[in-house]
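# Structural overview
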Amino acid sequence: MFIHAVKEMDVYPGVTDGDPAKHQERHYYLLSELQTLVKDLPSSFQQRLSYSTLGDLALALIDGTVYEIVQGLLDIQHLTEKNLYTQRQKLHSERQAFKQDLLRKHKDALQTCKSHNLTLLKSNQQAELEALEIRVREEQRVMDKKIVAEMDQKVIDQQNTLEKAGVPGFFITTNPQELTMQMNLLELILKLQQKESQY
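Reading guide: rules and limits
Residues numbered from 1 in each chain as written. Predicted model: local features only at pLDDT ≥ 70, side-chain atom pairs only at ≥ 80, totals over all residues. Heavy atoms only, no water. UniProt positions renumbered as here; feature names shortened; annotations may be inferred. Helix = DSSP H or I, 4+ residues; strand = E, 2+ residues; numbered from the N terminus. Expected span 1.5 Å × (residues − 1). Buried < 20%, exposed > 50% of the residue type's maximum accessible area, 1.4 Å probe, protein only. Arc of directions from axis to C-beta. Polar contact = N/O pair within 3.5 Å; in protein donor to acceptor, adjacent residues only side chain to side chain. Axes fitted to C-alpha atoms, helices over the stretch in contact; angles between N-to-C directions. Parallel < 35°, antiparallel > 145°, perpendicular 65-115°, else oblique. Left-handed = near helix turned anticlockwise from the far one by under 90°. Contact = heavy atoms within 4.5 Å. Nonpolar A, V, L, I, M, F, W, Y, C, P; charged D, E, K, R; others polar. 1 Å grid on protein atoms, 1.4 Å probe; cavity = no way out; pocket = protein on both sides within 12 Å on 5 of 7 lines; lining within 4 Å. Points joined across faces, edges and corners; volume = space filled by probe spheres on them. Core = buried A, V, L, I, M, F, W, Y, C linked by side-chain atoms within 4.5 Å.

The name given to the protein in an unreviewed UniProt entry is Protein DGCR6, with Pagothenia borchgrevinki as the source organism. Looking at the Sequence similarities (unreviewed entry) heading of the UniProt record, one finds this comment for the protein: "Belongs to the gonadal family."

Encoded structure:
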């Protein structure tokens, strides 16, 4: 991220040195680019993004700091998602291995079982297998609930960070419409960052 930050500073020379003309020029450029990018969003969201909101967003993006913040948040999110996926896969693999081990023990027991105990053994084994399946489903449900809670917390952390950074439209919310609006704002920021990094 440091290399990226250095490149950002090269892209915006003199913007933070207090030159009002450069500052104004950059603001107009960003606002124009945002207005162009907004046209790719669904019309319902275009209507909610006023000229004033886009102007405030352009101001927040002037020095490139918000780009760095968004990139850092994305990196954290991707690491979290990868870690949670790995945990879920590990649980699944462990449970599969445990089930295979149980089935192997059942097979061995069936081979050494006396015929008069076979029905009882099969019944006990079926009950043991069903109990294992229930336990595995419950462990998976608990794991999935933990994953959802952790991802929800990441969203709150991201909203809080972007709100504190002064990015318009960001505040802590669970309202689906507001979340979609925030995702659209992030998409605009990322597209603009990508476009600027090509220069």
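Our next topic: helix α2 (residues 20-38). Here α2 is 19 residues long and its end C-alpha atoms lie 26 Å apart, about the 27 Å a rise of 1.5 Å per residue gives. The complete set of buried residues in α2 reads Arg26, His27, Leu30, Leu31, Glu33, Leu34, Leu37 and Val38. End-on, the buried residues of α2 take up no more than an arc of 165°, which puts them together on one face. In α2, the exposed positions that point more than 90 degrees away from the buried face belong to Ala21 and Glu25. For α2, the N-terminal capping position is held by Asp19, with its side-chain oxygen 3.0 Å away from the main-chain nitrogen of Ala21.

Attention shifts here to the packing of helix α5 (residues 65-112) against helix α7 (residues 176-197). Packing of α5 against α7 brings their axes to within 10 Å, and their N-to-C directions diverge by 110°. By the angle class used here, α5 and α7 are roughly perpendicular. The hand of the α5/α7 crossing is left-handed. Touching Val66, Tyr67, Val70, Gln71 and Leu74 of α5 are Leu186, Ile189, Leu190, Leu192, Gln193 and Glu196, all from α7. Its residues assigned to classes, the contact of α5 with α7 comprises eight nonpolar, two polar and one charged.

Glancing now at the environment of Leu34. Inspection of the secondary structure puts Leu34 in helix α2. Here Leu34 falls in the buried class, since its relative accessible area comes to 0%. The spatial distance from the C-alpha of Leu34 to the C-alpha of Gly55 is 8.8 Å, given a sequence separation of 21 residues. Those residues in contact with Leu34, other than ones at most four positions away along the chain, are Leu54, Leu57, Ala58, Leu61, Leu188 and Leu192.

Okay, the layout of surface pockets next. As a volume, the largest pocket reaches approximately 260 Å³. Put simply, the parts of the chain that give the lining of the largest pocket at least two residues each are α5, α6 (118-164) and α7. Per-element tally for the lining of the largest pocket: the top contributor is α6, with six residues.

Here we take up the nonpolar core. If you look at the biggest cluster of nonpolar residues, it comprises 26 residues, and the most contacted ones within it are Leu34, Leu61, Leu188 and Ile189. Of all the elements in the fold, those that place two or more residues in this core are α2, α4 (51-61), α5 and α7. Core analysis: the next-biggest nonpolar cluster, separate from the first, contains five residues, Leu84, Leu91, Met143 and Met151 among them.

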